[in-house]
Amino acid sequence: MMPENADWIIRGGRVVLDEETCDLDIVVRGGVIAEFTRSPERYSLPVFDVQGMTVMPGMIDVHVHFNEPGREDWEGFETGSAALAAGGCTTYVDMPLNSLPPTVRVSLLEQKAALAGQKSVVDYAFWGGLVPQNLEDIEGLSEAGVVGFKAFMSSPGTQEEGDFQRVDDDALLRGMRLIARTGKILMLHAEDEQMVSALTADKRRRGRVGIRDYLQSRPPEAERIAVRKALHYARLTSCRLHFAHVSWAETVAEIDRAKQEGLDVTLETCPHYLILTEDDAERIGPVAKCAPPLRSRENRERLWALLAEGRIDMISSDHSPCPPSMKIAPGGDMFDVWGGIAAGQSSYELILDEGHIRRGLPLPDIARWVAYNPAKRLGFLPRKGRIAPGYDADLVVVNFAHSYTLRAEDLYDRHRQSPYIGRRLSCRIEATLNRGRVVYRRPDGIVGGAGGQWIKPGCTAGREGGVQRS
Ligand SMILES: [Zn+2]
């Protein structure tokens, strides 16, 4: 088995297509899905035997923080992309923060892309930042190939000199007018700054700094207020929107009404809002601190219902790591702990375990939430996001007969601080192929090395040797 090979016949698997699951063999040539066949003996290609396994499209994780350059000690492209590869992700989109400097100018985008090109195990793309100081850089960043822009309506966690800045209403509105002209989307971290900062100050003044206090300082209403404001600005500017990590069912309903109204808006949620609750935040502690925070059990159940109804467009990890020292709360002050869950490697397995095995959601639906809808929204069709002829051979081999308990040593990210360590998972990713290259395979582990490509919106399918032509 040669990992660098990009020609295969992937034989004997149950293949998850757009609407159904079929027993098919997949012919891969030059890293691209050439065709399906039921007569594999007609091909003289190396065989990748997946008997008894399920083959799914690779995840497109639209939301990760690899923090390079500047904060390599938090994560980095090498470890971060290895973790995603082991988790069945074949393309990820890196956030403009918490790298330092953040990705707010073309030169900084190019600097970051060069690092990813040297280190990334799987394909990658980038969000540009929208901050009050870079309105004149929006057009250039768009032309340089960002998938869209990311802005914070509340303060980001990092506050060093040169760090990413939140937008006030003026910068948000002006930025949305500029982004609308590029045709790209604006991804928003939507929590209302006034509400969150006032509630945080109130808690701290009264010495109330436990995990419950932190949860109460970022109530679901803060999310709804910010979302309503952004939707109003979208009506004024025609800027296409995407809401990051939506945590509350009522917010999903709010965004759904805007879709009915005709606004061009999508949203993602994350595995932690679908799996963990505020009780888990208390039980697990700092490792499960994130923003927006974990919510009630009732809310979690409503999110699953909304997902099944097709009202949540996609699932992203929001992999947001930090050094272990930043996950320690001196004196129990949870406000001082880094807010971010680092579990990007487990997204696919968690959703398959909880969504498919426990809740019976169909595999084609799950494939839509983790692959097709992200590809469609980011402009990666007709190249990525489906198992179909002409698409890149971004494939994940899943073993539903293998359950295991996640251990820290199973993880490939730099700091292995997943809140799911110790959790029983009733399926396992056996192998991941990116454009036909085997990048991960059990029991060998990461076998592909660096070889990811920068994927830009509007790129055409890599029919000629998987080469990007945009
Ligand atoms: Zn994030």
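Predicted model only: the values in this text are computed from it and were never measured.

Caption draft 1: Inspection of helix α4 (residues 169-182) at higher detail. Spanning 14 residues, α4 covers 20 Å between terminal C-alpha atoms, matching the ideal 20 Å at 1.5 Å per step. Within the sequence span of α4, burial applies to Leu 172, Gly 175, Met 176, Leu 178, Ile 179 and Thr 182. On the buried face of α4, the contacting elements are α3 (138-144), β11 (148-152), β12 (185-189) and α7 (220-237). Following α4 by one or two positions, Gly 183 adopts a phi angle in the positive range, close to 80°.

Caption draft 2: Examining the sheet that holds strand β9 (residues 89-94) more closely. An order of β8-β9-β10-β11-β12-β13-β14-β15 is seen for the eight strands of this open sheet, with the pairing classed as parallel. Every interior strand has two partners, whereas the edge strands, β8 (59-64) and β15 (314-315), have only one. The sheet contact formed by β9 and strand β10 (residues 123-129) spans four bridges and is parallel. Within β10, the position partnered with Val 93 by the bridge is Ala 125. Contacting β12, β13 (240-243) and β14 (265-269), α7 runs over the sheet at an angle of about 165° to β13.

Caption draft 3: A look at the confidence of the model for the protein. Across the protein, pLDDT averages 95, with 97% of residues at or above 70. In this model, residues 462-470 is a region of pLDDT below 50 whose contacts with residues beyond four sequence positions or in other chains number 26 contacts.

Caption draft 4: Layout of the nonpolar core. Among the nonpolar cores identified, the biggest contains 144 residues, and Val 55, Leu 186, Leu 188 and Val 370 are the most heavily contacted of them. Per-element accounting of this core gives the leading share, nine residues, to helix α13 (residues 363-378). Beyond its immediate chain neighbours, meaning those up to four positions away, Leu 186 contacts Leu 130, Gly 148, Phe 149, Ala 151, Met 176, Ile 179, Cys 239, Arg 240 and Leu 241.

Caption draft 5: A look at the pairing of β14. Summarising burial for β14: five of the five residues are buried, a large majority. Residues Val 265, Leu 267 and Thr 269 line one face of β14 and the alternating positions Thr 266 and Glu 268 line the opposite face, and both faces are buried. The pairing of β13 with β14 spans three bridges and is parallel. When the bridges of β14 are listed, Leu 241 appears paired with Val 265. Handedness of the crossover joining β13 and β14 through helix α8 (residues 249-261): right-handed.

Reading the values: the criteria
Residues numbered from 1 in each chain as written. Predicted model: local features only at pLDDT ≥ 70, side-chain atom pairs only at ≥ 80, totals over all residues. Helix = DSSP H or I, 4+ residues; strand = E, 2+ residues; numbered from the N terminus. Expected span 1.5 Å × (residues − 1). Buried ≥ 20, exposed ≤ 12 C-beta atoms within 10 Å, placed from the backbone. Contact = placed C-beta atoms within 7 Å. Pairing = 2+ DSSP bridges. Axes fitted to C-alpha atoms, helices over the stretch in contact; angles between N-to-C directions. pLDDT = per-residue confidence, 0-100. Core = buried A, V, L, I, M, F, W, Y, C linked by C-beta atoms within 7 Å. Right-handed = clockwise from strand over helix to strand, strands pointing away.

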